[in-house]
Amino acid sequence: MDNDDSLEPVDDNSSSPTAPSPRPDAPEVPEAREAPDAPVVPHVPMGQAMPETHRLPTLLPTAQALAAGGTGAHVSTLGQGLSFIGSARINGSLTVSGEVQGDIELQGSGSGHVTITQTGTVVGDIRARNISVLGQTVGTLDAAGGRVSLHDTASVSGRIRYTHLQVNGADLNAQLERVRPEGDVAKSGHS
């Protein structure tokens, strides 16, 4: 049999090839070890299918708006990094993670919800039954007959019209106007 230089010698006691001996001029390479604080990275074997991408996470207020609106509720989203200049009238609910310069009005059954996320900014008036602010607004928040929720990351300037108001440590510089529910005037006997 001819001697082939590409074959490694085989140990008689095992069927696996022996490791090649290091060359004298090759630098020493330390063994790869995981650091004790290294994050756990899941192992995905090659050739496996990619995870489903049609299921995207949604914000909790959007999910509440869907539940309140029942089937057929429309949810619009202005994503982070997007800008919109102009006035918008929307059926259903709206989540703003980008920037809006203009007025927003929700139309329809009145159960819609506007959510301004932590990355969202609205410079203009917002008119909706329910408004939640985690980002920044400058203008009038008009939720007469509904609820305004201001979270600890919110910065709100302007005017707020509300029936129910919840403030959780927001930066608030606004004129507040409580609007009684429609039935309260008839119950009190005043006209």
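Residues numbered from 1 in each chain as written. Predicted model: local features only at pLDDT ≥ 70, side-chain atom pairs only at ≥ 80, totals over all residues. Heavy atoms only, no water.

Considerations on the overall build of the chain
Scanning the chain from N- to C-terminus turns up two helices and 13 strands. Put simply, the chain has 191 residues, and 26% of those count as buried. Counting only contacts in the chain whose residues sit at least 6 apart along the sequence, the fraction spanning at least 24 positions is 5%. A total of about 14000 Å² of accessible surface is found on the chain, and carbon and sulfur atoms cover 51% of it. (Helix = DSSP H or I, 4+ residues; strand = E, 2+ residues; numbered from the N terminus. Buried < 20%, exposed > 50% of the residue type's maximum accessible area, 1.4 Å probe, protein only. Contact = heavy atoms within 4.5 Å. Areas by Shrake-Rupley, 256 points an atom, 1.4 Å probe, with all protein chains shown as cover.)

Examining a nonpolar patch on the surface
Taken together, the side chains of V167, L172 and L176 present a nonpolar region at the surface, about 210 Å² in accessible area. Along the chain, L172 turns up in strand β13 (residues 171–178). By relative accessible area, which is 31% here, L172 ends up partly exposed. (Patch = residues over 30% accessible without salt bridge, like charges linked within 9 Å, V, L, I, M, F, W, Y side chains within 5 Å. Salt bridge = Lys/Arg side-chain N within 4 Å of Asp/Glu carboxyl O.)

Re the environment of T153
Positionally, T153 belongs in the loop between β11 (136–150) and β12 (155–167). Remark: the alpha-carbon pair of T153 and G135, spanning 18 residues in sequence, is separated by 6.3 Å. If near-sequence neighbours (up to four positions away) are discounted, T153 is found in contact with Q118, L134 and G135. A polar contact of 2.7 Å, which involves the side chain of T153, links it to the backbone oxygen of L134. (Polar contact = N/O pair within 3.5 Å; in protein donor to acceptor, adjacent residues only side chain to side chain.)

Comments concerning the environment of I116
Along the chain, I116 falls in strand β7 (residues 113–116). The class of I116 is buried, set by a relative accessible area of 0%. With 19 residues separating them in the primary sequence, I116 and S97 have C-alpha atoms 6.3 Å apart. Residues within four places of I116 in sequence aside, it is in contact with V96, T121, V122, I126, S132, V133, L134, G135, Q136 and T137.

Looking at the side chain of D142
Residue position: D142 is located in strand β11. Of the polar contacts made by the side chain of D142, one reaches the side chain of R161; its length is 3.2 Å. For D142, the contacting residues outside a window of four places in its chain are I126, R127, A128, I131 and R161.

Topic: the nonpolar core
V96, I131, V133, L141, V148 and L150 are the most contacted members of the largest nonpolar core, which has 24 residues in total. Looking at this core element by element, the count peaks at four residues for β11. The residues contacting V96, other than those within four sequence positions of it, are L78, I104, T115, I116, T117, G120, T121 and V122. (Core = buried A, V, L, I, M, F, W, Y, C linked by side-chain atoms within 4.5 Å.)

So, the pattern of salt bridges
Counted according to the given criterion, the structure contains five salt bridges. The closest approach of N and O atoms between D142 and R127, which form a salt bridge, is 3.1 Å. Separated by 15 residues along the polypeptide, D142 in strand β11 and R127 in strand β9 (residues 126–127) bring together distant segments of the chain. In this structure D142 comes out as buried when scored by relative accessible area, which is 9%. Close ionic contact of D142 with R161 constitutes a salt bridge, the shortest N to O distance being 3.2 Å. Pair noted here: D142 is in strand β11 and R161 is in strand β12, with a separation of 19 residues, a long-range link. Each member of the salt-bridge network shares a partner with another, and the members are R127, D142, R159, R161 and E177.

Describing the confidence of the model for the chain
The predicted model of the chain averages 75 in pLDDT, with 55% of residues at 70 or higher. Residue range residues 56–71 is modelled with pLDDT below 50. Its contacts to residues more than four positions away, or to other chains, number 11 contacts. (pLDDT = per-residue confidence, 0-100.)

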